[in-house]
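# Secondary and tertiary structure notes
Each chain is listed here by its residues.
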Amino acid sequence: MRRLNRRKTLSLVKELDAFPKVPESYVETSASGGTVSLIAFTTMALLTIMEFSVYQDTWMKYEYEVDKDFSSKLRINIDITVAMKCQYVGADVLDLAETMVASADGLVYEPAIFDLSPQQREWQRMLQLIQSRLQEEHSLQDVIFKSAFKSASTALPPREDDSSQPPDACRIRGHLYVNKVAGNFHITVGKAIPHPRGHAHLAALVNHDCKQFLKFLSGKRIDHLSFGELVPGIINPLDGTEKIALDHNQMFQYFITVVPTKLHTYKISADTHQFAVTERERVINHAAGSHGVSGIFMKYDLSSLMVTVTEEHMPFWQFFVRLCGIVGGIFSTTGMLHGIGKFIVEIIYCRFRLGAYKPVNSVPFEDGHTDNHVPLLENNTH
C-alpha cells in the first residue's frame, strides 16, 4: 500500500516537471546552431566578467541633514609659510562672538626657507595638478574619499638638501580650536595683543616694525588648510596654493564656507569638514582709497547642513539576480534570433527553388486536355 502511494506521488511530481528531457535520438544539431551557441557563451562570459568587476567596486552615497551640534569646538589645521621673518608676524582667530584665540594655543612658528627644494617643488607640482583635475572632474573626490588613509601623506615633505641659506620665511603650523560660529583667521604684521574692543596687532602701533614687515612680505604658500579631524590622504581646496605678491603692501582674502561632513568607508570613520573657497587679493593704497591691512585674511562661515558620505557595496543577492538575468536573457534571446533567422533563410531558399521550376506553355488537345511537352517538329503549311 505504501509503495502504491509512493508511485502515485512520484507520477504526480513527474507530471509537474517544467523541464522535460528530450531523448538524444530526437535532437538534431546543426552548424548554424553551434555557431550561435559559441557566440552566446562568449557573450555570457564577457558580461559575467564585467558584472563581477561591478560587484567588486564600491560607490559613495551622499545624505544631507541639519547639523544640530553647535556646542562642540571646531578644529582648524594650519600649515602656512609666509615670506617674512617670524618676529614680524602674528596669527590669531577672532569670531563673531568677539572671542579671540591666540596662536600660542596651538600654532608653532618655525624659521624656514621660502624657496622649495627640488623634491618639495615636485610635491607641490603634483598637488596642483590634482587640484586642477578635481576642479574639472568632481567625481574624483569619491576616489579620494575611498583612498583615505591608504594613499601617501599630503603633508609637505622635509627638505632633502642641507642648504646653508639663512631662513627668510616663517612657517606657521599646528591647529586651533574655535567656536562653531563664523570667524576670521588672519596672519598679519606683529603679535596680537588684547584690546577692550576686540584685539590689535603690535606692529600697527610701531611704525618701524611695520616698515620692516613690508620689506619682507613678498609671498605666501598654503601647504595645508583643513577643518575638523585631520584625515591623511584627503586633499583640500587650498592645499599647495602659492602666491607671490607683486606689491609688498598687499592683502590676500579668502571667503570660506565650511560644511560638516561625516565620512564612513570600509577603512575609516571620521568627523571632518569640507569647504568651498573664494579668493580675492588687492593692493593696499590709502591714497587711492584702498584701505586695510596687508596680510592673509581667511573669513570662514559654517553651513547649517551636514553631509554624510557612506561607502556602499552591491549585495551578493543583487549580484546573483543580475547574473541569472544575463545568462537567461542571452540564452533565450539567441535561441529566438536563431529560430527567426533560420525561418527567414528557409523561406528565401524555398522561393528560390520554386522559381527554378517554372512551367512551360501547354499545348491543348482536341478533347480539352493539355500537353506540357513542347513538340520537337512543327509542320509549316504554305
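Here's a quick rundown of the structure. (Residues numbered from 1 in each chain as written. Predicted model: local features only at pLDDT ≥ 70, side-chain atom pairs only at ≥ 80, totals over all residues. Heavy atoms only, no water.)

### Focus on a nonpolar patch on the surface
Operational definition: Patch building starts from residues that exceed 30% relative accessible area and form no salt bridge, then joins like charges within 9 Å and nonpolar side chains (Val, Leu, Ile, Met, Phe, Trp, Tyr) within 5 Å. The method behind every accessible area is Shrake-Rupley, applied with a 1.4 Å probe, and residues are considered shielded solely by the protein chains displayed. By convention in these notes, a salt bridge is any Lys or Arg side-chain nitrogen within 4 Å of a carboxyl oxygen on Asp or Glu. By definition, any uninterrupted DSSP run of H or I lasting at least four residues is a helix, any uninterrupted run of E lasting at least two residues is a strand, and each is numbered from the N terminus.
Taken together, the side chains of Met336, Leu337, Ile340, Phe343, Ile344, Ile347 and Ile348 present a nonpolar region at the surface, about 700 Å² in accessible area. The topology assignment puts methionine 336 in helix α6 (residues 316-356).

### Thoughts on the environment of glutamate 65
Counted only if it meets this: In what follows, a contact means two residues having at least one pair of non-hydrogen atoms within 4.5 Å.
As for its placement among the helices and strands, glutamate 65 is situated in strand β1 (residues 58-66). Sequence-wise, glutamate 65 and methionine 306 are 241 residues apart; in three dimensions their C-alpha atoms are separated by 5.4 Å. The contacts of glutamate 65, once residues within four sequence positions are left out, are Ser304, Leu305, Met306 and Thr308.

### Some points on the packing of aromatic side chains
Note the threshold: Each Phe, Tyr or Trp ring, with Trp reduced to its six-membered ring, pairs with another whose centre is within 6.5 Å; inter-plane angles below 30 degrees give stacked pairs, above 60 give edge-to-face pairs, and intermediate values give tilted ones. Partly exposed residues are those whose accessible area sits between 20% and 50% of the maximum for their type, while under 20% is buried and over 50% is exposed, using a 1.4 Å probe and protein chains only. Here, a charge over a ring is recorded when the distance from Lys NZ or Arg CZ to the ring centre is within 6 Å and its angle to the ring normal is within 35 degrees.
On inspection of all chains with the given rule, the structure shows eight aromatic pairs. Here phenylalanine 52 and phenylalanine 319 contribute two aromatic rings whose centre-to-centre distance is 6.2 Å and whose plane-to-plane angle is 65°, an arrangement assigned as edge-to-face. In this pair, phenylalanine 52 sits in helix α2 (residues 31-56) while phenylalanine 319 sits in helix α6, placing the two residues 267 residues apart along the sequence. Between phenylalanine 227 and phenylalanine 275, the ring centres sit 5.5 Å apart and the planes meet at 75°, which makes this aromatic pair edge-to-face. Of the two residues, phenylalanine 227 sits in strand β10 (residues 219-228) while phenylalanine 275 sits in strand β13 (residues 269-283), which places them 48 residues apart along the sequence. Accessibility classification places phenylalanine 227 together with phenylalanine 275 in one group, the buried group. In this structure an aromatic cluster arises from ring pairing among Phe52, Tyr55, Phe316, Phe319 and Phe320. Across from the ring centre of phenylalanine 114, 5.1 Å away, lies the NZ or CZ of arginine 221, which sits over that ring.

### A look at α2
Stated precisely, the cut-off is as follows: One less than the number of residues in a helix, times 1.5 Å, gives the span that helix is expected to have.
Its 26 residues give α2 an end-to-end C-alpha distance of 38 Å, which sits within 8% of 38 Å, the value for a rise of 1.5 Å per residue. Those residues of α2 that sit buried are Gly33, Ala40, Met44, Glu51 and Tyr55.

### Topic: the state of the cysteines
This is how it is decided: Whenever a pair of cysteine sulfur atoms sits within 2.5 Å, that pair is classed as a disulfide.
Applying the stated criterion to the full structure yields one disulfide. In this model cysteine 86 forms its disulfide with cysteine 170; the gap between the sulfur atoms is 2.3 Å. Where cysteine 86 bonds to cysteine 170 through sulfur, the torsion about that S-S bond is close to 105°, and the disulfide is right-handed. Of this pair, cysteine 86 sits in the loop between β2 (73-82) and β3 (89-95) while cysteine 170 sits in strand β6 (residues 169-179), and the two are 84 residues apart along the sequence. Both residues of the pair, cysteine 86 and cysteine 170, belong to the buried class.

### Quick notes on the side chain of threonine 241
Let me state the cut-off plainly: Counting of polar contacts relies on pairs of N or O atoms within 3.5 Å, with two restrictions inside protein: one atom must be capable of donating a hydrogen and the other of accepting it, and residues adjacent in sequence are counted only when both atoms are side-chain atoms.
Examined against the element boundaries, threonine 241 turns out to sit in strand β11 (residues 241-244). In this structure the side chain of threonine 241 is engaged in a polar contact, spanning 2.9 Å, whose partner is the backbone oxygen of leucine 238. Setting aside residues up to four positions removed in sequence, threonine 241 forms contacts with Lys220, Arg221 and Ile222.

### As for the nonpolar core
Defined as follows: Put simply, buried Ala, Val, Leu, Ile, Met, Phe, Trp, Tyr and Cys residues joined by side-chain atoms within 4.5 Å make one nonpolar core.
The biggest cluster of nonpolar side chains holds 32 residues, and the ones touching the most others in it are Ile80, Phe185, Ile187, Ile256, Met298 and Tyr300. Within the residue set of this core, elements represented by two or more residues are β2, β3, β6, β7 (183-189), β10, β12 (250-264) and β14 (295-302). If one sorts the elements of this core by residue count, β2 sits on top with five residues. Ignoring sequence-local partners within four residues, the contact set of isoleucine 80 consists of Cys170, Arg171, Ile172, Phe185, Ile187, Arg221, Ile222, Ile296 and Met298.

### Comments concerning the environment of valine 181
You can see valine 181 is positioned in the loop between β6 and β7. Here valine 181 falls in the partly exposed class, since its relative accessible area comes to 32%. Taking the C-alpha atoms as reference points, valine 181 and leucine 302, separated by 121 residues in sequence, lie 6.6 Å from one another. Contacts of valine 181, omitting those with residues within four sequence positions, involve Asp95, Leu96, Tyr300 and Leu302.

### Quick notes on the pattern of salt bridges
This structure, assessed with the given rule, holds 11 salt bridges. The structure contains a network of salt bridges with shared partners spanning Lys61, Glu63 and Glu312.

### Comments concerning helix α3 (residues 118-136)
Note the threshold: Read the arc as the range of directions from the helix axis to the C-beta atoms.
The terminal C-alpha atoms of α3 lie 27 Å apart, and with 19 residues this matches the ideal 27 Å at 1.5 Å per residue to within 8%. All buried positions along α3 are accounted for by Gln120, Trp123, Gln124, Leu127, Gln131 and Leu134. All buried residues of α3 project into a common sector of 95° when viewed along the axis, lining one side. Among the exposed residues of α3, those oriented more than 90 degrees off its buried face are Pro118 and Glu136. On its buried face, α3 sits against α4 (140-146), β10 and β11.

### Some thoughts on the pairing of β2
To keep things clear, this is the line we draw: When DSSP finds two or more bridges between a pair of strands, those strands are recorded as paired.
β2 sits mainly inside the fold: eight of its 10 residues count as buried. Pairing of β2 with β6, which is carried by 10 bridges, proceeds in the antiparallel orientation. By the bridge assignment, arginine 75 is partnered in β6 with tyrosine 177.

### Description of the pairing of β14
For a regular strand, side chains alternate in direction, first toward one face of the sheet and then toward the other. Buried residues dominate β14, accounting for six of its eight residues. Strand direction decides the pairing type here: β7 and β14, joined by six bridges, are antiparallel. Among the inter-strand pairings, isoleucine 187 is bridged to a residue of β14, identified as isoleucine 296. Pairing geometry for β12 and β14, over eight bridges, is parallel. By the bridge assignment, isoleucine 256 is partnered in β14 with tyrosine 300.

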